[in-house]
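Working through the structure, step by step
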Amino acid sequence: MASKKAHQASGIAAGILAAVIVVHRGAGGPFQLLAMLALVAGAWGGTAPDWLEIAWWRKKHRGKRRLWITHRTLTHWGIPWVTLLWYSYVSLNSAGWAPVAFGFAAGGLMHLLTDWPNPMGVPWIFRRHSLSMWRSGNLEFVVILLSWSLCAGVADGLLFNGVHTTRLIALCQSQLKNFSGDAVTKVIPRQFIRQFKT
Ligand SMILES: [Zn+2]
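What comes next is a walk through the structure. Worth saying up front: this structure is predicted, and the values here are computed from it rather than measured.

Conventions adopted
Residues numbered from 1 in each chain as written. Predicted model: local features only at pLDDT ≥ 70, side-chain atom pairs only at ≥ 80, totals over all residues. Heavy atoms only, no water. Patch = residues over 30% accessible without salt bridge, like charges linked within 9 Å, V, L, I, M, F, W, Y side chains within 5 Å. Areas by Shrake-Rupley, 256 points an atom, 1.4 Å probe, with all protein chains shown as cover. Salt bridge = Lys/Arg side-chain N within 4 Å of Asp/Glu carboxyl O. Helix = DSSP H or I, 4+ residues; strand = E, 2+ residues; numbered from the N terminus. Donors = N, O, S within 2.8 Å, 3.2 Å for Na, K, Ca; no water. Tetrahedral: all angles 85-135°; square planar, octahedral: opposite > 155°, others 65-115°. Phe/Tyr/Trp six-rings, centres within 6.5 Å; stacked < 30°, edge-to-face > 60°. Buried < 20%, exposed > 50% of the residue type's maximum accessible area, 1.4 Å probe, protein only. Expected span 1.5 Å × (residues − 1). Arc of directions from axis to C-beta.

Taken together, the side chains of Trp56, Trp57, Trp68, Leu74, Trp77, Ile79, Ile125 and Phe126 define a hydrophobic patch exposed on the protein surface, amounting to about 960 Å² of accessible area. Topologically, Ile79 is positioned in helix H4 (residues 78-90).

In C-alpha cells, the structure reads:
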C-alpha cells in the first residue's frame, strides 16, 4: 500500500474537493460547518480502507494488530465506496449526514485510487486490478502530487469552468517548447561536448 502519509495527504485533497462541492451545491449549512466537516471526513476517509480492516478488539500479535479480513479486500472494494459517494451526493441538500458521508466517501475513493498503481492493485468491481506502475511506497511524491492536481483540476472545472487548468496547461506547453528548443537541443549538448574537451 501506499504509505499512511501518502493516504493522509491525498485524503486531505479529497476532503477539500468534497468541501468545495458541498459549498458549491449550497449544502454547507450554517457558517459552512458541514463543508468543514466534509473536509475532516475526507482526511479520515483517506486512511479508512486500511484501518477498517484492523481487528481493534483482538489482541496484538507480535506487536502488530491483526486484520479481521484479508488486506485489500472488502474495505478496498470500489462498489460500496462509489455507491456511498453517489448516494450522499444526491442527498446533499436533503439529509444532514450527507456532506460528512460525502467527504468520507471521497477520501475512501481517493485511497483506492492511490493504492491502484501498485502491484497488488484494488478490487474495483470484481477482481483486483493493478495499474502496475510502481512498488508500494515508491514514488509517493508522485501519488500525492497527482491526487492534489486531480482535486485542484476538478475544483477549478466546477468553480471556474476550468479556466486555470487550461491556462496552466498552455503555460506548461509553452515552457516545454522553450525547454526543448533551447535547453535540450542547444545548451546540454554544448556542455556535454565541453566536458570532453577540457
Ligand atoms: Zn489501502
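Moving on to the coordination of the zinc ion. Only Asp50 (OD), His76 (NE2), His111 (NE2) and Asp115 (OD) from the protein reach the zinc ion as donors, at distances of 2.1 to 2.3 Å. Coordination at the zinc ion comes from 4 donor atoms whose angles at the metal span 84 to 174°, giving a geometry best classed as irregular.

What follows deals with the packing of aromatic side chains. Scanning the entire structure with this criterion turns up 8 aromatic pairs. On the numbers, 5.5 Å between centres and 45° between planes, the contact of Trp81 with Phe104 is tilted. Of this pair, Trp81 sits in helix H4 while Phe104 sits in helix H5 (residues 98-115), and the two are 23 residues apart along the sequence. Each member of the pair Trp81 and Phe104 is classed as buried. Centroid distance Tyr89 to Phe102: 5.7 Å. Interplanar angle 40°. Geometry classified as tilted. Here Tyr89 is found in helix H4, whereas its partner Phe102 is found in helix H5, with 13 residues between them in sequence. Pairwise contacts between aromatic rings join Trp44, Trp51, Trp81 and Phe104 into one cluster.

With 13 residues, helix H2 (residues 33-45) extends 18 Å between its outermost C-alpha atoms, agreeing within 8% with the 18 Å of an ideal straight helix rising 1.5 Å per residue. Burial in H2 covers these residues: Ala35, Ala38, Ala41, Gly42 and Gly45. Buried residues in H2, looked at end-on, bunch into an arc of 115°, giving them a common side. Those residues of H2 that are exposed and aimed more than 90 degrees away from the buried face are Val40 and Trp44.

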